[in-house]
Amino acid sequence: MSELQTHVADAGLLSPHISTDYGGLGLDHHGRAVIFEEAGYSTLGSLALNVSAPDEGTAHLLQHVATRDQNEQWLRPHAAGDLRTCFAMSEPPGAGSDPAALTTTATGAGDGWRINGRKKWITGARGAAVFVDRSQVLGEVGKGFAYAQVRLAPARLTHCMRHLGGARRAHDVATEYVRERPRRVQSGQGRRL
Ligand SMILES: Cc1cc2nc3c(=O)[nH]c(=O)nc-3n(C[C@H](O)[C@H](O)[C@H](O)COP(=O)(O)OP(=O)(O)OC[C@H]3O[C@@H](n4cnc5c(N)ncnc54)[C@H](O)[C@@H]3O)c2cc1C
(Lines give C-alpha, C1' and ligand atoms only; values in the text may rest on other atoms or scores of the structure.)
Protein backbone atom coordinates (compact mmCIF):
# COMPACT_ATOMS: atom_id res chain seq x y z
CA MET A 1 0.00 0.00 0.00
CA SER A 2 2.80 2.45 0.80
CA GLU A 3 4.16 1.86 -2.73
CA LEU A 4 0.74 2.65 -4.21
CA GLN A 5 0.46 5.75 -2.04
CA THR A 6 3.87 6.91 -3.28
CA HIS A 7 2.58 6.70 -6.88
CA VAL A 8 -0.57 8.58 -5.87
CA ALA A 9 1.49 11.26 -4.08
CA ASP A 10 3.76 11.62 -7.14
CA ALA A 11 0.62 12.16 -9.24
CA GLY A 12 -0.45 14.90 -6.78
CA LEU A 13 -3.68 13.12 -5.76
CA LEU A 14 -3.07 12.03 -2.16
CA SER A 15 -5.55 13.20 0.50
CA PRO A 16 -7.82 15.32 -1.74
CA HIS A 17 -10.21 16.03 1.16
CA ILE A 18 -7.62 17.42 3.59
CA SER A 19 -6.78 21.11 3.80
CA THR A 20 -3.77 22.37 1.85
CA ASP A 21 -2.50 23.69 5.23
CA TYR A 22 -1.77 20.08 6.19
CA GLY A 23 -0.61 18.72 2.85
CA GLY A 24 -3.91 17.74 1.18
CA LEU A 25 -5.59 19.13 -1.93
CA GLY A 26 -8.30 21.06 -0.06
CA LEU A 27 -11.16 19.99 -2.37
CA ASP A 28 -14.78 20.72 -1.41
CA HIS A 29 -17.57 18.14 -1.60
CA HIS A 30 -18.08 18.67 -5.35
CA GLY A 31 -14.41 18.09 -6.09
CA ARG A 32 -14.20 15.15 -3.71
CA ALA A 33 -17.22 13.41 -5.23
CA VAL A 34 -15.39 12.90 -8.54
CA ILE A 35 -12.22 11.51 -6.95
CA PHE A 36 -13.99 9.40 -4.29
CA GLU A 37 -16.17 7.74 -6.94
CA GLU A 38 -13.12 6.84 -9.03
CA ALA A 39 -11.33 5.61 -5.88
CA GLY A 40 -14.32 3.39 -5.08
CA TYR A 41 -14.12 1.80 -8.54
CA SER A 42 -11.02 -0.08 -7.36
CA THR A 43 -10.99 -2.24 -4.23
CA LEU A 44 -7.66 -0.63 -3.26
CA GLY A 45 -8.39 2.86 -4.59
CA SER A 46 -9.72 4.43 -1.39
CA LEU A 47 -6.74 3.28 0.67
CA ALA A 48 -4.28 4.29 -2.04
CA LEU A 49 -5.71 7.82 -2.22
CA ASN A 50 -6.03 8.00 1.58
CA VAL A 51 -9.80 8.55 1.34
CA SER A 52 -11.04 5.32 2.95
CA ALA A 53 -13.36 5.00 5.93
CA PRO A 54 -12.88 5.64 8.79
CA ASP A 55 -9.80 7.80 8.04
CA GLU A 56 -11.53 10.28 5.79
CA GLY A 57 -14.26 11.03 8.37
CA THR A 58 -11.71 11.31 11.15
CA ALA A 59 -9.69 13.80 9.10
CA HIS A 60 -12.86 15.85 8.68
CA LEU A 61 -13.43 15.86 12.44
CA LEU A 62 -9.82 16.82 13.20
CA GLN A 63 -10.05 19.78 10.83
CA HIS A 64 -13.17 21.03 12.60
CA VAL A 65 -12.28 20.34 16.22
CA ALA A 66 -8.56 19.73 16.78
CA THR A 67 -6.07 22.43 17.74
CA ARG A 68 -3.22 23.41 15.44
CA ASP A 69 -0.78 21.39 17.60
CA GLN A 70 -3.03 18.32 17.53
CA ASN A 71 -3.35 18.58 13.76
CA GLU A 72 0.41 18.89 13.38
CA GLN A 73 0.75 15.74 15.50
CA TRP A 74 -1.94 13.66 13.77
CA LEU A 75 -3.45 15.24 10.66
CA ARG A 76 -0.24 16.21 8.85
CA PRO A 77 1.34 12.71 9.06
CA HIS A 78 -2.04 11.18 8.21
CA ALA A 79 -2.36 13.42 5.12
CA ALA A 80 1.08 12.20 4.02
CA GLY A 81 -0.07 8.59 4.37
CA ASP A 82 2.21 7.90 7.35
CA LEU A 83 -0.50 7.34 9.98
CA ARG A 84 -3.95 5.76 9.98
CA THR A 85 -6.83 6.73 12.25
CA CYS A 86 -9.79 4.94 13.82
CA PHE A 87 -13.20 5.87 15.16
CA ALA A 88 -14.51 3.79 18.06
CA MET A 89 -18.26 4.30 18.23
CA SER A 90 -19.95 0.89 17.87
CA GLU A 91 -20.36 -1.11 21.06
CA PRO A 92 -21.67 -4.57 21.87
CA PRO A 93 -24.56 -4.89 22.35
CA GLY A 94 -26.02 -1.35 22.34
CA ALA A 95 -24.54 1.55 20.42
CA GLY A 96 -24.59 0.75 16.72
CA SER A 97 -27.10 2.64 14.65
CA ASP A 98 -28.07 4.59 17.78
CA PRO A 99 -25.09 6.50 19.26
CA ALA A 100 -27.34 7.74 22.10
CA ALA A 101 -26.94 4.22 23.54
CA LEU A 102 -23.18 4.65 24.10
CA THR A 103 -22.18 3.33 27.53
CA THR A 104 -18.41 3.91 27.47
CA THR A 105 -17.36 6.45 30.10
CA ALA A 106 -14.47 8.90 30.31
CA THR A 107 -13.57 9.92 33.86
CA GLY A 108 -10.94 12.43 34.91
CA ALA A 109 -7.83 10.72 36.27
CA GLY A 110 -4.68 12.63 37.15
CA ASP A 111 -3.53 14.61 34.11
CA GLY A 112 -5.90 12.88 31.75
CA TRP A 113 -8.98 10.79 31.21
CA ARG A 114 -9.55 7.11 31.80
CA ILE A 115 -11.75 5.58 29.12
CA ASN A 116 -13.71 2.53 30.12
CA GLY A 117 -15.98 0.47 27.90
CA ARG A 118 -16.25 -2.20 25.23
CA LYS A 119 -16.03 -1.45 21.52
CA LYS A 120 -16.43 -3.52 18.38
CA TRP A 121 -15.73 -3.24 14.66
CA ILE A 122 -13.07 -0.56 14.96
CA THR A 123 -11.56 -0.43 11.51
CA GLY A 124 -7.91 0.58 11.70
CA ALA A 125 -7.54 0.00 15.47
CA ARG A 126 -4.32 -1.69 16.50
CA GLY A 127 -4.75 -1.64 20.24
CA ALA A 128 -6.95 0.88 21.95
CA ALA A 129 -5.46 3.67 24.02
CA VAL A 130 -7.24 3.46 27.37
CA PHE A 131 -5.67 6.52 28.92
CA VAL A 132 -5.89 9.87 27.17
CA ASP A 133 -3.66 12.76 28.14
CA ARG A 134 -5.49 16.10 28.46
CA SER A 135 -3.58 17.46 25.47
CA GLN A 136 -5.09 14.66 23.38
CA VAL A 137 -8.73 15.53 24.07
CA LEU A 138 -10.40 16.90 20.94
CA GLY A 139 -12.39 20.10 21.42
CA GLU A 140 -14.34 20.78 24.58
CA VAL A 141 -15.04 18.14 27.21
CA GLY A 142 -18.75 17.22 27.22
CA LYS A 143 -19.31 17.86 23.51
CA GLY A 144 -18.32 14.42 22.25
CA PHE A 145 -21.79 13.50 21.06
CA ALA A 146 -22.12 16.71 19.00
CA TYR A 147 -18.63 16.17 17.57
CA ALA A 148 -19.58 12.63 16.56
CA GLN A 149 -22.37 14.14 14.45
CA VAL A 150 -19.87 16.58 12.87
CA ARG A 151 -18.00 13.52 11.74
CA LEU A 152 -20.88 11.21 10.83
CA ALA A 153 -22.98 13.60 8.72
CA PRO A 154 -20.54 14.16 5.82
CA ALA A 155 -19.22 10.59 6.22
CA ARG A 156 -22.62 9.31 5.05
CA LEU A 157 -22.19 11.36 1.87
CA THR A 158 -18.64 10.22 1.25
CA HIS A 159 -19.63 6.56 1.77
CA CYS A 160 -22.13 7.12 -1.09
CA MET A 161 -19.42 8.68 -3.29
CA ARG A 162 -17.16 5.63 -2.87
CA HIS A 163 -20.01 3.12 -3.14
CA LEU A 164 -21.10 4.75 -6.41
CA GLY A 165 -17.71 3.80 -7.85
CA GLY A 166 -18.06 0.28 -6.41
CA ALA A 167 -21.54 -0.07 -7.92
CA ARG A 168 -20.24 1.10 -11.31
CA ARG A 169 -17.48 -1.51 -11.07
CA ALA A 170 -20.01 -4.26 -10.25
CA HIS A 171 -22.18 -3.18 -13.19
CA ASP A 172 -19.19 -3.16 -15.56
CA VAL A 173 -18.13 -6.64 -14.40
CA ALA A 174 -21.69 -7.97 -14.89
CA THR A 175 -22.02 -6.32 -18.32
CA GLU A 176 -18.66 -7.67 -19.42
CA TYR A 177 -19.69 -11.16 -18.29
CA VAL A 178 -22.96 -10.99 -20.22
CA ARG A 179 -21.10 -9.84 -23.34
CA GLU A 180 -18.54 -12.63 -23.05
CA ARG A 181 -20.95 -15.42 -22.09
CA PRO A 182 -22.30 -16.26 -25.60
CA ARG A 183 -18.72 -16.58 -26.87
CA ARG A 184 -17.78 -18.87 -23.95
CA VAL A 185 -20.83 -21.02 -24.58
CA GLN A 186 -19.97 -21.30 -28.29
CA SER A 187 -16.37 -22.18 -27.56
CA GLY A 188 -17.44 -24.85 -25.03
CA GLN A 189 -16.09 -22.95 -21.99
CA GLY A 190 -19.56 -22.18 -20.65
CA ARG A 191 -22.63 -24.20 -19.90
CA ARG A 192 -25.89 -23.50 -21.76
CA LEU A 193 -28.79 -23.34 -19.28
C1 LIG B 1 -16.63 -3.67 7.89
C2 LIG B 1 -17.18 -2.79 9.01
C3 LIG B 1 -16.38 -1.80 9.52
C4 LIG B 1 -16.84 -0.99 10.57
N5 LIG B 1 -15.99 -0.04 11.07
C6 LIG B 1 -16.40 0.69 12.13
C7 LIG B 1 -15.52 1.64 12.74
O8 LIG B 1 -14.41 1.86 12.29
N9 LIG B 1 -15.96 2.33 13.82
C10 LIG B 1 -17.21 2.13 14.34
O11 LIG B 1 -17.55 2.78 15.32
N12 LIG B 1 -18.05 1.23 13.79
C13 LIG B 1 -17.68 0.51 12.71
N14 LIG B 1 -18.52 -0.40 12.16
C15 LIG B 1 -19.83 -0.58 12.77
C16 LIG B 1 -20.92 0.05 11.97
O17 LIG B 1 -20.83 1.44 12.00
C18 LIG B 1 -22.18 -0.50 12.60
O19 LIG B 1 -22.47 -1.63 11.81
C20 LIG B 1 -23.29 0.47 12.64
O21 LIG B 1 -22.99 1.41 13.65
C22 LIG B 1 -24.60 -0.23 12.85
O23 LIG B 1 -24.59 -0.94 14.06
P24 LIG B 1 -25.02 -2.48 14.12
O25 LIG B 1 -24.46 -3.22 12.97
O26 LIG B 1 -24.74 -2.93 15.51
O27 LIG B 1 -26.59 -2.43 13.83
P28 LIG B 1 -27.78 -2.20 14.85
O29 LIG B 1 -27.60 -0.87 15.53
O30 LIG B 1 -27.94 -3.39 15.73
O31 LIG B 1 -28.98 -2.11 13.85
C32 LIG B 1 -29.40 -3.23 13.07
C33 LIG B 1 -30.56 -2.80 12.20
O34 LIG B 1 -31.67 -2.44 13.02
C35 LIG B 1 -32.05 -1.10 12.73
N36 LIG B 1 -32.35 -0.43 14.01
C37 LIG B 1 -31.50 -0.24 15.03
N38 LIG B 1 -32.10 0.36 16.05
C39 LIG B 1 -33.39 0.57 15.66
C40 LIG B 1 -34.50 1.17 16.27
N41 LIG B 1 -34.44 1.67 17.51
N42 LIG B 1 -35.66 1.23 15.55
C43 LIG B 1 -35.72 0.70 14.30
N44 LIG B 1 -34.68 0.12 13.67
C45 LIG B 1 -33.54 0.05 14.34
C46 LIG B 1 -30.89 -0.43 12.06
O47 LIG B 1 -31.29 0.61 11.19
C48 LIG B 1 -30.27 -1.57 11.31
O49 LIG B 1 -30.89 -1.77 10.05
C50 LIG B 1 -18.12 -1.19 11.10
C51 LIG B 1 -18.93 -2.20 10.57
C52 LIG B 1 -18.47 -2.99 9.55
C53 LIG B 1 -19.37 -4.09 9.01
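Within each chain, residues carry numbers counting from 1 in the order of the written sequence. With the structure being a predicted model, the display of local features is reserved for residues of pLDDT at least 70 and the display and counting of side-chain atom pairs for 80 or more, all residues being used for whole-chain, interface and lining totals.

Peer 1: Would you mind going over the overall build of the chain in detail, with residue names and values included?
Peer 2: Regarding its fold elements, the chain presents six helices and three strands. C-alpha atoms define the radius of gyration in this analysis, and the globule rule sets the expected value at 2.2 Å times the number of residues to the power 0.38. The C-alpha atoms of the chain give a radius of gyration of 21 Å, which is well past the 16 Å a tight globule of 193 residues would have. The principal-axis extents of the C-alpha atoms in the chain amount to approximately 75 × 40 × 30 Å. As a rule, residues whose C-beta atom has 12 or fewer other C-beta atoms within 10 Å are exposed, those with 20 or more are buried, and those in between are partly exposed; C-beta atoms are placed from the backbone. By the burial criterion, 20% of the 193 residues in the chain qualify as buried. Runs of E in the DSSP output that reach at least two residues are strands. Runs of H or I that reach at least four are helices, and both are numbered from the N terminus.

Peer 1: Give a description of the packing of helix α2 (residues 29–41) against helix α6 (residues 144–186) that names residues and reports values.
Peer 2: Here α2 crosses α6 at 40°, and the two axes come no closer than 7 Å. With respect to α6, the axis of α2 lies oblique. Between α2 and α6 lies a crossing of right-handed hand. Facing His-29, Arg-32, Ala-33, Phe-36, Glu-37, Glu-38, Ala-39, Gly-40 and Tyr-41 of α2, the residues of α6 in contact are Leu-157, Thr-158, Met-161, Arg-162, His-163, Leu-164, Gly-165, Gly-166, Arg-168 and Arg-169. Residues belonging to the contact of α2 with α6 are distributed by class as follows: seven nonpolar, six polar and six charged. Axis lines are fitted to C-alpha atoms, over the contacting stretch for helices. Their N-to-C directions set the angle, which ranges from 0 to 180 degrees. What sets the label is the angle itself: under 35 degrees gives roughly parallel, over 145 gives roughly antiparallel, 65 to 115 gives roughly perpendicular, and the rest give oblique. Here a crossing is called left-handed whenever its near helix is offset anticlockwise from the far helix by less than a right angle, and right-handed whenever the offset is clockwise. Once C-beta atoms have been placed from the backbone, residue pairs whose C-beta atoms lie within 7 Å are recorded as contacts. The residue classification treats Ala, Val, Leu, Ile, Met, Phe, Trp, Tyr, Cys and Pro as nonpolar and Asp, Glu, Lys and Arg as charged. All others, Gly included, are polar.

Peer 1: For the site of the ligand, give the residues involved together with the corresponding values.
Peer 2: For each residue, a C-beta atom is placed from the backbone, and the residue counts as near a molecule or strand when that atom lies within 6 Å of it. What surrounds the ligand is the set Pro-54, Cys-86, Phe-87, Ala-88, Met-89, Ser-90, Gly-96, Ser-97, Asp-98, Trp-121, Ile-122 and Thr-123. Its residues assigned to classes, the shell around the ligand comprises seven nonpolar, four polar and one charged.

Peer 1: An account of the packing of helix α4 (residues 55–65) against helix α5 (residues 68–79) is needed here, citing residue identities and associated values.
Peer 2: It is the contact of α4 with α5, at a shortest axis distance of 11 Å, that shows an interaxial angle of 145°. Seen from above, α4 lies across α5 with left-handed handedness. Contacts from Asp-55, Ala-59, Leu-62 and Gln-63 of α4 reach α5 at Asn-71, Trp-74, Leu-75 and His-78.

Peer 1: Tell me about the environment of Thr-107, and name the residues and values.
Peer 2: Assignment of secondary structure puts Thr-107 in strand β1 (residues 105–109). Judged by local crowding, Thr-107 falls into the exposed class, with 8 C-beta atoms found within 10 Å. Residues Thr-107 and Val-65, 42 residues apart in the sequence, show an inter-C-alpha distance of 21 Å. Residues contacting Thr-107, with those up to four places away along its chain left out, are Trp-113 and Arg-114.

Peer 1: Mind laying out α6, listing which residues take part and the relevant values?
Peer 2: Expected helix span is taken as 1.5 Å per residue step, with the number of steps being one fewer than the number of residues. The first and last C-alpha atoms of α6 sit 62 Å apart over 43 residues, in line with the 63 Å expected at 1.5 Å per residue. Working definition for bend: take the seven residues up to and ending at a residue and the seven starting at it, fit an axis to each, and measure the angle between the axes. A bend of about 35° at Glu-180 is the largest found in α6, and the proline Pro-182 appears one to four places after it. Among the residues of α6, Arg-151, Thr-158, Met-161 and Arg-162 are the ones counted as buried. The positive-phi residue at the C-terminal boundary of α6 is Gly-188, with phi of around 85°.

Peer 1: So, the environment of Arg-126: which residues are in play, and what are the values?
Peer 2: Within the secondary structure layout, Arg-126 lies in the loop between β2 (112–116) and β3 (131–133). Distance from Arg-126 to Asp-55, taken between C-alpha atoms, is 14 Å for residues 71 residues apart in sequence.

Peer 1: Please provide a residue-by-residue account of α2, values included.
Peer 2: Along its 13 residues, α2 runs 18 Å from first to last C-alpha, staying within 8% of the 18 Å computed at 1.5 Å per residue. Looking only at α2, the buried set comprises Arg-32, Ile-35, Phe-36, Ala-39 and Gly-40. One side of α2 holds all its buried residues, which, seen down the axis, span an arc of 140°. Residues of α2 that are exposed and angled more than 90 degrees away from the buried face: His-30 and Val-34. This arc corresponds to the set of directions leading from the helix axis out to the C-beta atoms.

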